[in-house]
Amino acid sequence: MGVLTFLARRFVAGETADAAMGVGRRLAAEGIRATFDLLGENTHDERTARRSAEAVAALIRAIPPELERNVSIKLTQMGLDVSRDLCLELTRGLVQTAREVSGFIRIDMEGSPFTQATLDVFRAVRRDYDNVGIVLQASLRRTENDVAECVARGDRVRLCKGAYKEPAAIAWTRMDEIREVYRRLTRRLLEGGAYPAIATHDESLIRHALDTARELGLGPERFELQMLYGLRPRRWRELVRDGFRVRIYVPYGTHWIPYFYRRLRERKENVTFVLRNLLHG
Ligand code: FDA
């Protein structure tokens, strides 16, 4: 195993579905849920997109019955950049495959060139299926409207800050602004009541979500907290111990480099971890 592969293991469950299921089982033993992500980024031709969709369909079927069949996908992996129709066909196929095994598909949100197209595909599939949800990014200025629309339709939303660097014309760029929007959107989603997922490691935002849920009289079965594999594992356990639902995003596969770099770019502590291991590992 190369040194980078070794370091990426903090954030990536491994290269195979078996490794990911191993992590899923260990989490389940502690009462922690998972969503699995077969890593891969943009596909530029139909054949590759179809192969990606087949691989994800195989993953959905391979998740053992004792684990929830919950999978996160990226639409550029399903050909969004090749053709909208192709992406719609493949995404619909995956949501149908998931429905046959009582599974759930979460559509991750990518950079702003894909926001509208991702929402369009989600909405088209959502018309016929309940077992599909979307991700919205608090850092985008448009997201207040998108949240309002999702709440009106009863869509299941995962709220995150947004992992992609976006221009100030369309995005909030100061962390205090992003946090303020995040808190507002958390409240709207909790009030909306369609089982939102609050996805953040930011303690002030986690606390705000818990306080808001309590104020609204929502039990812990009405929402979930989500975090990324490798980040704040002690906090996952505390939250579960306190009775909350926690789901961990478990990425795996051989195409881990873009995901790994996003995690490094996000937080200087992640870089420090990597450097410390390079020096002393
Ligand atoms: P951020 O990195 O901003 O850190 C803020 C604060 O959190 C810190 O100051 C500290 O207090 C606390 N903190 C963070 N990490 C910590 C640690 N390891 N130990 C202790 N404290 C820590 N993005 C996207 O664009 N599209 C998507 O589809 C998704 N999907 C997704 C799923 C899930 C489950 C999660 C958790 C995240 C995403 N994201 C995402 C990524 C998201 O947009 C965002 O980039 C990261 O979660 C980083 O922002 P945070 O709010 O987590 O904390």
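Reading the values: the criteria
Residues numbered from 1 in each chain as written. Predicted model: local features only at pLDDT ≥ 70, side-chain atom pairs only at ≥ 80, totals over all residues. Heavy atoms only, no water. Helix = DSSP H or I, 4+ residues; strand = E, 2+ residues; numbered from the N terminus. Buried < 20%, exposed > 50% of the residue type's maximum accessible area, 1.4 Å probe, protein only. Contact = heavy atoms within 4.5 Å. Areas by Shrake-Rupley, 256 points an atom, 1.4 Å probe, with all protein chains shown as cover. Lys, Arg positive; Asp, Glu negative; His and termini not counted. Charge placed at Lys NZ, Arg CZ, Asp CG, Glu CD. Near = heavy atom within 4 Å. Polar contact = N/O pair within 3.5 Å; in protein donor to acceptor, adjacent residues only side chain to side chain. 1 Å grid on protein atoms, 1.4 Å probe; cavity = no way out; pocket = protein on both sides within 12 Å on 5 of 7 lines; lining within 4 Å. Sits in = over half its atoms within 2 Å of the grid points. Nonpolar A, V, L, I, M, F, W, Y, C, P; charged D, E, K, R; others polar. Core = buried A, V, L, I, M, F, W, Y, C linked by side-chain atoms within 4.5 Å. Salt bridge = Lys/Arg side-chain N within 4 Å of Asp/Glu carboxyl O. Points joined across faces, edges and corners; volume = space filled by probe spheres on them. Disulfide = S-S within 2.5 Å.

Caption draft 1: Up close: the overall build of the protein. Counting its regular elements, the protein contains eleven helices and eight strands. The dimensions of the protein, computed from C-alpha atoms along their principal axes, are 50 × 45 × 45 Å. Evaluated residue by residue, the protein yields a buried proportion of 52% over its 281 residues. By sequence separation, contacts in the protein at least 24 residues apart represent 71% of the contacts at least 6 residues apart. Carbon and sulfur atoms provide 51% of the accessible area of the protein, an area that totals close to 13,000 Å². Measuring between centres, the 47 positive side-chain charges of the protein sit 4 Å from its 38 negative side-chain charges.

Caption draft 2: Local environment of the site of the ligand. As a matter of local geometry, the ligand sits amid 25 residues, with Lys161, Gly162, Thr200, His201 and Glu266 nearest to it. Within the side chain of Arg158, one N or O atom sits 3.2 Å away from a nitrogen atom of the ligand. His201 has a polar side-chain atom sitting 2.7 Å from an oxygen atom of the ligand. Compared with its free state, where it exposes 950 Å², the ligand has 83% of that area covered by protein. If you map the ligand onto the pockets, it falls in the largest pocket. Ranked by the residues each element gives to the shell around the ligand, the list is headed by strand 7 (residues 224–228), at three residues. Residue composition of the shell around the ligand, by class: eleven nonpolar, five polar and nine charged.

Caption draft 3: Quick peek at the nonpolar core. Formed by 72 residues in total, the largest nonpolar core has its most connected members in Phe36, Ile73, Ile105, Ile248 and Val250. The contacts of Ile73, once residues within four sequence positions are left out, are Val56, Met78, Thr91, Leu94, Ile105, Arg106, Ile107 and Asp108. In this structure, Trp256, Tyr259, Phe273 and Val274 belong to the second largest nonpolar core, which totals 14 residues.

Caption draft 4: Region of the structure containing the pattern of salt bridges. Overall, the coordinates contain 31 salt bridges when judged by the stated rule. In this structure, Glu215 and Arg187 form a salt bridge, with 2.9 Å as the shortest nitrogen-oxygen distance. Taken together, the residues span a long stretch of sequence, with Glu215 in helix 8 (residues 203–216) and Arg187 in helix 7 (residues 175–192) at a distance of 28 residues. By relative accessible area, Glu215 is classed as exposed at 56%. For Arg235, the salt bridge identified is with Glu203, shortest N-O distance 2.9 Å. With Arg235 in helix 9 (residues 233–241) and Glu203 in helix 8, this residue pair connects regions lying 32 residues apart in the sequence. Here the salt bridges share partners, and the residues they tie into one network are Glu203, Arg207, Arg232, Arg235 and Glu238.

Caption draft 5: Representation of empty space enclosed by the protein in the model. Tallying each qualifying case throughout the model produces two cavities of 30 Å³ or more. Put simply, the largest cavity is a space of about 50 Å³. Looking at the lining of the largest cavity, the elements with two or more residues in it are helix 6 (143–153), strand 5 (156–160) and helix 7. A per-class count over the lining of the largest cavity returns seven nonpolar, three polar and two charged. What the second largest cavity holds in volume is close to 30 Å³. The class makeup of the residues in the lining of the second largest cavity is three nonpolar, two polar and two charged.

Caption draft 6: Here's a closer look at the side chain of Glu110. One can find Glu110 in the loop between strand 3 (104–107) and helix 5 (115–126). Here Glu110 occupies a buried position and makes no salt bridge, while the nearest side chain of opposite charge, Lys74, is found at 6.3 Å. A polar side-chain atom of Glu110 sits 3.1 Å from the main-chain amide nitrogen of Leu75. Among the polar contacts listed, one links the side chain of Glu110 to the side chain of Thr76, at a separation of 2.6 Å.

Caption draft 7: Molecular detail of the state of the cysteines. Tallied over the full model, the rule gives zero disulfides. The thiol sulfur of Cys87 is not disulfide-bonded, and the nearest other cysteine sulfur, from Cys150, lies at 17 Å. Relative accessible area serves as the criterion here: at 0%, Cys87 is assigned to the buried category. For Cys150, which is in no disulfide, the shortest distance to another cysteine sulfur is to Cys160 and amounts to 13 Å. Looking at Cys150, the relative accessible area reads 0%, which means it is buried.

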